[in-house]
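Here is how the chains run, residue by residue.
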Amino acid sequence: MRLESPDLASWNAIIAGVASHSNANEAMSLFSEMRDRELIPDGLIVRSLLCACTSPLTLYQGMQIRSYIIKMGFDSDVPVCNAILTMYAKCSVFCNALLVFKELGKNADLVSWNSILAACLQHNEAGELFRLFDLMLASQTKPDHITFNDVMGACAEMASLEMGTQLHCYIMKTGLALDVFVMNGLMDMYVKCGSLGSGRELFSFMEDPDVVLWSSSIVGYAQFGCREEALKLFRRMRSLGVRPNHLTLVGVLTACSHVGLVEEGLQLYRIMENEYGIIRTREHCSCVVDLLARAGCVHEAEDFINQMTFDADVVVWKSLLASCKTLGNVDVGKRALENILKIDPTNSAALVLLCNIYASSGKWEEVARLRGSLKERSVRKVPGQSWMEIQRKINVFFAEDGMHPERDKIYTILEELWLQMLDEGYVSIQMLASTEQLQWSNKFPPHYSTK
């Protein structure tokens, strides 16, 4: 059935339906057809249009819509501004999203605050998110469960336990401690910050934890070395009749891998679809590859990858390559690297891993060839980095960083720690090699010696 003269509500329904599938071109075409019929759009229709712009490829259409919004005077409508802010965030133009939020000023509502906090989280702007959250607390707008989950996501991303703990206290005061959605976010934050003790207390506090809380706990224990505790929690979960989800099994397979329970892990992988109704994913397959490879079964792990029903990604091949480094298996390691480079030709970490495998096997000619390949490909190893939080400020450190403003103090303390390690009798080849490299690069004071 086709409407001969669709009204504004009908046009909005069809545009919203098309926009929900992120089809910006089709939505814009319908919008133009509606205007040709001399219908005047309202704020609801332009908001639906903006919802279609969900990637950098649709930024141009989003900017066209915004120009029309300004022309028609809809830019004073807060819900429309919130949609513009979200559009810029999804189209990866964070600075414009921030500008729209600033223009809202005191008119910003709860949706505005949650939208900009979500944009900060999406674009890894944790420092800006914390700053805006402080401003929100000082404003008349009260945060809700969505706000807290965005902030907890930033705490987890930056391993900011201090901020996360303060947030937990605030949640208890606001009465949101009974919200399962918020509690799951808190558990995820504590686990990712490595605070398993706080996570355990939170888990005990919940009278009827759901599968998400169980899964977060199991994954946390597995990732931080408490494998027996993870398996024990899984058995308890099953005894209580809680049905596991895909994340639960990732945690259990990880625990089996680190404990060396190969048969148990493989059995769980075999029955997960029939017994639990969980479809196998690349994540589960990566766990099985790690399970086999850690047990020294690198050939079986390679066969498993080749028999998978979908193409292996970089993570799967790197799990195999890392184990080849531990076991010194050059042949399988070389094949793993070749598959990684097919997917990502600039993957420096994989090339360095194979270099280390060749070096540990004494194949220095191959090491030289690979290093030459790195130069030819103009591939540079991304330096490792870590960060720590001191008084709500995030301090970032890079490996072999010679540009840090506190460089001299850092390396002086590092020298003292190394000397203490030597006095305690801890000497390894890796340690001496690293010391020689640091001396050679003049990062330790000239008088320093390992002798």
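It should be emphasised that the depicted structure is a prediction, and the values quoted were computed from it without experimental measurement.

Enquirer: Describe the overall build of the protein, and please don't skip the residues or the numbers.
Expert: If you tally the helices and strands in the protein, you get 24 helices and two strands. Across its three principal axes, the protein shows a C-alpha extent of roughly 85 × 60 × 55 Å. By the burial criterion, 44% of the 451 residues in the protein qualify as buried. Partitioning the intrachain contacts of the protein with sequence separation of at least 6 by distance along the chain shows that 58% fall at a separation of at least 24. With an accessible surface of roughly 25,000 Å², the protein has 53% of that area assigned to carbon and sulfur atoms. Taking the average location of the 42 positive side-chain charges in the protein and that of its 53 negative ones, the two points are 3 Å from each other.

Enquirer: How would you sum up the nonpolar core? Please name residues and give values.
Expert: Judged by nonpolar contacts, the single largest core of 130 residues is most densely connected at Val151, Ile171 and Leu320. Counting residues per element, this core draws most heavily on helix α5 (residues 78-90), at nine residues.

Enquirer: So, the packing of helix α12 (residues 196-205) against helix α13 (residues 211-223): which residues are in play, and what are the values?
Expert: Between α12 and α13, whose axes approach to 11 Å, the crossing angle comes to 155°. Here α12 is positioned roughly antiparallel relative to α13, judged by the angle of their axes. Viewed along their axes, α12 and α13 form a crossing whose handedness is left-handed. Contacts between α12 and α13 involve Leu196, Arg200 and Phe203 on the former and, on the latter, Leu213, Trp214, Ser217, Gly220 and Tyr221. Along the lines of polarity and charge, the residues of the contact of α12 with α13 split into five nonpolar, two polar and one charged.

Enquirer: Describe the environment of Ile278, naming the residues involved and giving the relevant values.
Expert: Counting through the fold element by element, Ile278 comes out in the loop between α16 (262-276) and α17 (282-294). Under the relative-accessibility criterion, Ile278 is labelled buried at 8%. Along the sequence, Ile278 and Asn245 sit 33 residues apart, while their C-alpha atoms lie 6.8 Å from each other. Each residue touching Ile278, except ones within four places of it in the same chain, is listed here: Pro244, Asn245, His246, Leu249, Met272, Glu273 and His284.

Enquirer: Just give me the short version of helix α7 (residues 110-122), but keep the residues and values in it.
Expert: Quick reminder: α-helices carry 3.6 residues per turn. Residues three or four places apart thus point the same way. End to end, α7 covers 18 Å across 13 residues, agreeing with the expected 18 Å (1.5 Å per residue, within 8%). If you check which residues of α7 are buried, you get Ser112, Trp113, Asn114, Ser115, Ile116, Leu117, Ala119 and Cys120. On its buried face, α7 sits against α5, α6 (94-104), α8 (126-138) and α9 (145-158). In the stretch just after α7, Asn124 is the one whose phi turns positive, near 55°.

Enquirer: Describe the pattern of salt bridges, with residues and values.
Expert: Going through the model one piece at a time under the given rule, you end up with ten salt bridges. For Arg294, the salt bridge identified is with Asp290, shortest N-O distance 2.8 Å. Of this pair, Arg294 and Asp290 are both found in helix α17, four residues apart, which corresponds to roughly one turn of the helix. For Arg294, a relative accessible area of 47% gives the class partly exposed. What makes Asp290 buried here is its relative accessible area of 17%. With a closest N to O distance of 3.7 Å, Glu406 and Lys409 form a salt bridge.

Enquirer: Pulling in residues and values, what's your account of a nonpolar patch on the surface?
Expert: On the surface, Trp387, Val396 and Phe398 cluster together into a nonpolar patch covering about 250 Å² of accessible area. Along the polypeptide, Trp387 turns up in strand β1 (residues 385-390).

Enquirer: Requested: an account of helix α23 (residues 407-423), with residues and values cited.
Expert: Between the first and last C-alpha of α23 there are 24 Å, a value that for 17 residues agrees with the 24 Å anticipated at 1.5 Å per step. Those residues of α23 lying buried are Tyr411, Glu415, Trp418 and Leu422. All buried residues of α23 project into a common sector of 65° when viewed along the axis, lining one side. Facing away from the buried surface of α23 by more than 90 degrees, the exposed residues are Lys409 and Asp423. Looking one or two residues past α23, Gly425 carries a phi angle of roughly 90°, positive in sign.

Enquirer: Can you explain the packing of aromatic side chains? Please cite residues and give values.
Expert: Counted under the stated rule, the structure contains six aromatic pairs. Taken together, a centroid distance of 5.5 Å and an interplanar angle of 70° make the contact between Tyr269 and Phe304 edge-to-face. With Tyr269 in helix α16 and Phe304 in helix α18 (residues 298-306), the pair connects residues that are 35 residues apart, well separated along the chain. Taking relative accessible area as the criterion, Phe304 reaches 16% and is therefore assigned buried. Over the ring of Tyr269 we find Arg280, and its NZ or CZ is 4.6 Å from the ring centre.

Enquirer: Quick rundown of the packing of helix α15 (residues 246-259) against α17? Include the residues and the values.
Expert: The contact between α15 and α17 brings their axes to 9 Å, and the two run at 10°. Taken together, α15 and α17 sit at an angle that is classed as roughly parallel. The segment α15 lies against α17, with His246, Leu249, Val250, Leu253, Thr254, Cys256, Ser257 and His258 engaging Glu283, His284, Cys287, Asp290, Leu291 and Arg294. Residue classes in the contact of α15 with α17 are distributed as six nonpolar, five polar and three charged.

Enquirer: An account of the environment of Cys285 is needed here, citing residue identities and associated values.
Expert: Looking at the secondary structure, you find Cys285 in helix α17. For the pair Cys285 and Glu366, spaced 81 residues apart in sequence, the C-alpha to C-alpha distance is 31 Å. Here Cys285 is in contact with Tyr269, Phe304, Met308 and Phe310, once residues within four sequence places are set aside.

Enquirer: Could you give an account of unusual backbone geometry, with specific residues and numbers?
Expert: Backbone geometry follows two general trends: most residues other than glycine have a negative phi, and most peptide bonds adopt the trans configuration. Of note, Glu38 is a non-glycine position whose phi angle comes to about 65°, a positive value. Mapped onto the fold, Glu38 is located in the loop between α2 (24-36) and α3 (43-51). By relative accessible area, Glu38 is classed as exposed at 70%. In this structure, Ser92 is a non-glycine residue whose phi angle is positive, near 65°. Tracing the backbone shows Ser92 in the loop between α5 and α6. What makes Ser92 partly exposed here is its relative accessible area of 46%.

Cut-offs applied
Each chain carries its own residue numbering, running from 1 in the direction its sequence is written. Where totals are concerned, whole chains, interfaces and linings use all residues; where local detail is concerned, this predicted model gives features only for residues with pLDDT of at least 70, and gives and counts side-chain atom pairs only at 80 or more. Side-chain measures were taken over the full set of non-hydrogen atoms in the model, leaving aside hydrogen atoms and water. Here a strand is any run of E in DSSP of at least two residues, a helix any run of H or I of at least four, and the numbering for each starts at the N terminus. Exposed residues in this analysis have more than 50% of their type's maximum accessible area, buried residues have under 20%, and partly exposed residues fall in between, with area computed by a 1.4 Å probe over protein chains only. Contacts were defined at the residue level, with two residues in contact if any of their heavy atoms lie within 4.5 Å. Accessible surface area values rest on a Shrake-Rupley calculation with a 1.4 Å probe, where residue burial reflects the displayed protein chains alone. For this count, His and the chain ends are skipped, Lys and Arg are scored as positive, and Asp and Glu as negative. Think of each charge as sitting on NZ of Lys, CZ of Arg, CG of Asp or CD of Glu. Buried Ala, Val, Leu, Ile, Met, Phe, Trp, Tyr and Cys residues form a nonpolar core when they are joined through side-chain atoms within 4.5 Å. Note on geometry: axes are lines fitted to C-alpha atoms, helical ones only across the stretch in contact, with angles between N-to-C directions running from 0 to 180 degrees. Orientation labels follow simple angle bins: below 35 degrees gives roughly parallel, above 145 gives roughly antiparallel, 65 to 115 gives roughly perpendicular, and whatever is left gives oblique. Should the near helix be turned anticlockwise from the far one by less than a right angle, the crossing is left-handed, and should it be turned clockwise, the crossing is right-handed. Under the convention adopted here, Pro, Cys and the residues Ala, Val, Leu, Ile, Met, Phe, Trp and Tyr are nonpolar, Asp, Glu, Lys and Arg are charged, and Gly plus all remaining residues are polar. One less than the number of residues in a helix, times 1.5 Å, gives the span that helix is expected to have. A pairing counts as a salt bridge when a side-chain nitrogen of Lys or Arg comes within 4 Å of a carboxyl oxygen of Asp or Glu. Two distance rules govern patches: like charges are joined within 9 Å, and nonpolar side chains (Val, Leu, Ile, Met, Phe, Trp, Tyr) within 5 Å, applied only to residues with over 30% relative accessible area and no salt bridge. Think of it as the arc spanned by the lines of direction from the helix axis to the C-beta atoms. Under the pairing criterion, centres of Phe, Tyr and Trp rings, with the six-membered ring standing for Trp, must be within 6.5 Å; the plane angle then separates stacked pairs below 30 degrees from edge-to-face pairs above 60, leaving the rest tilted. Two thresholds decide whether a charge sits over a ring: the Lys NZ or Arg CZ must be within 6 Å of the ring centre and within 35 degrees of the ring normal.

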